[in-house]
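The chain contents come next:
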Amino acid sequence: MMSVQAKSPRRVGVFGGTFDPPHLGHLVVAINVLHELQLDEVLLMVANDPWQKQGTREISPATDRLALVEAAVNGISGLTAGSVEVELGGPSYTANTLEYLHAKEELLEIFTIVGADAANGLLTWNRHERVSELSTLVVVDRPGVESALPDPANGHWHRVEIPHLEVSSSDLRDRVNDGRPLDFLVTPPVLAEIEARGMYRNRGASA
Ligand code: ATP
Ligand code: MG
């Protein structure tokens, strides 16, 4: 009888966001989930068109946001900038992204990583049942956010404890606009990219 060595699937975290800009809060989430769940890789998946944010504020071009995420993860083992949604174009739906990743790689186990605020909005996502079918949900706390997560359809999700960092991209954009420092809230390579690209300047209040 021929014996076939069972290959175990690659364990990949998909941590989606607008990343406008990526900050230490995002990196602390990604690195701790990578470690706790012994993942092979965490993709910081840059939304091409974060449709739920459209019309609420100015969103930086996807190519700029992707460049910032690339700067953020450069040289960090296990963290990768996810460009799939930018390459696919159009509005970004996690269900589509997960289908695309599964189609590309047969032996893949996906973990969808969300902060508590994103988790609370999960039922408003396009085809959210598909997200639960195709991946295991991983929720992390976010300071100031009460978790109201209903049990996902498959009843199977993780919570990973992380240091609570009260950092948000909104605050960082306001800081640049007001001329306040971003130092120690984003990594030096991200700061250099923001400056080189002249991002977030002169946008007016709460840009
Ligand atoms: P914005 O203020 O523009 O909404 P943000 O800081 O919330 O930006 P997003 O790109 O919207 O960043 O978030 C992407 C993901 O990262 C979401 O799941 C969000 O919950 C999570 N996240 C962002 N900041 C933190 C943080 N400080 N701690 C834990 N999770 C976070
Ligand atoms: Mg947000």
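Conventions we followed
Residues numbered from 1 in each chain as written. Chains lettered and ligands numbered in written order. Predicted model: local features only at pLDDT ≥ 70, side-chain atom pairs only at ≥ 80, totals over all residues. Heavy atoms only, no water. Pairing = 2+ DSSP bridges. Helix = DSSP H or I, 4+ residues; strand = E, 2+ residues; numbered from the N terminus. Axes fitted to C-alpha atoms, helices over the stretch in contact; angles between N-to-C directions. Contact = heavy atoms within 4.5 Å. Near = heavy atom within 4 Å. Polar contact = N/O pair within 3.5 Å; in protein donor to acceptor, adjacent residues only side chain to side chain. Areas by Shrake-Rupley, 256 points an atom, 1.4 Å probe, with all protein chains shown as cover. Nonpolar A, V, L, I, M, F, W, Y, C, P; charged D, E, K, R; others polar. Buried < 20%, exposed > 50% of the residue type's maximum accessible area, 1.4 Å probe, protein only. Arc of directions from axis to C-beta. Phe/Tyr/Trp six-rings, centres within 6.5 Å; stacked < 30°, edge-to-face > 60°.

**What about the sheet that holds strand 5 (residues 135–140)?**
One open sheet accounts for six strands, arranged 3-2-1-4-5-6; its pairing is parallel. Each edge of the open sheet carries a strand with a single partner, namely strand 3 (79–82) and strand 6 (157–160). The sheet shows a mean angle of 30° between the axes of neighbouring strands, direction not considered. Along the sheet face, helix 1 (residues 24–36) touches strand 1 (10–17), strand 2 (41–46), strand 3, strand 4 (108–115), strand 5 and strand 6 and points at about 150° away from the line of strand 2. Against the sheet, helix 2 (residues 62–73) engages strand 2 and strand 3, with an angle of about 175° to strand 3.

**What about the site of ligand 1?**
By nearness alone, 23 residues border ligand 1, and Lys-53, Asp-117, Arg-142, Ser-169 and Ser-170 come closest of all. A distance of 2.8 Å separates an oxygen atom of ligand 1 from a polar atom in the side chain of Lys-53. At 3.0 Å, a backbone N or O of Gly-115 approaches an oxygen atom of ligand 1. Coverage of ligand 1 by the protein amounts to 92% of the 600 Å² it exposes when considered alone. Contributing elements (two or more residues each) for the shell around ligand 1: strand 1, helix 1, strand 4, helix 5 (116–120) and helix 7 (169–178). Here the shell around ligand 1 is built from residues that sort into seven nonpolar, ten polar and six charged.

**Section: helix 4 (residues 94–104)**
Buried residues of helix 4: Thr-94, Ala-95, Thr-97, Leu-98 and Leu-101, and no others. On an axial view of helix 4, the arc spanned by its buried residues comes to 160°, and they lie on one face. Turned more than 90 degrees from where helix 4 packs its buried face, Ala-103 and Lys-104 sit exposed. Tucked inside the fold, the buried residues of helix 4 contact strand 1, strand 2, helix 3 (84–88), strand 4, helix 6 (128–134) and strand 5.

**What to know about the packing of aromatic side chains**
Taken as a whole and judged by the stated rule, the model has two aromatic pairs. With 5.9 Å between their ring centres and 80° between their planes, Phe-15 and Phe-19 make a pair best called edge-to-face. Residue Phe-15 is classed as buried on the basis of its relative accessible area, which comes to 6%. Since its relative accessible area comes to 2%, Phe-19 is described here as buried. Ring geometry for Trp-51 against Tyr-93: centres 5.5 Å apart, planes inclined by 70°, an arrangement best described as edge-to-face. Pair noted here: Trp-51 is in the loop between strand 2 and helix 2 and Tyr-93 is in the loop between helix 3 and helix 4, with a separation of 42 residues, a long-range link.

Shape descriptors only; they carry no functional weight alone.
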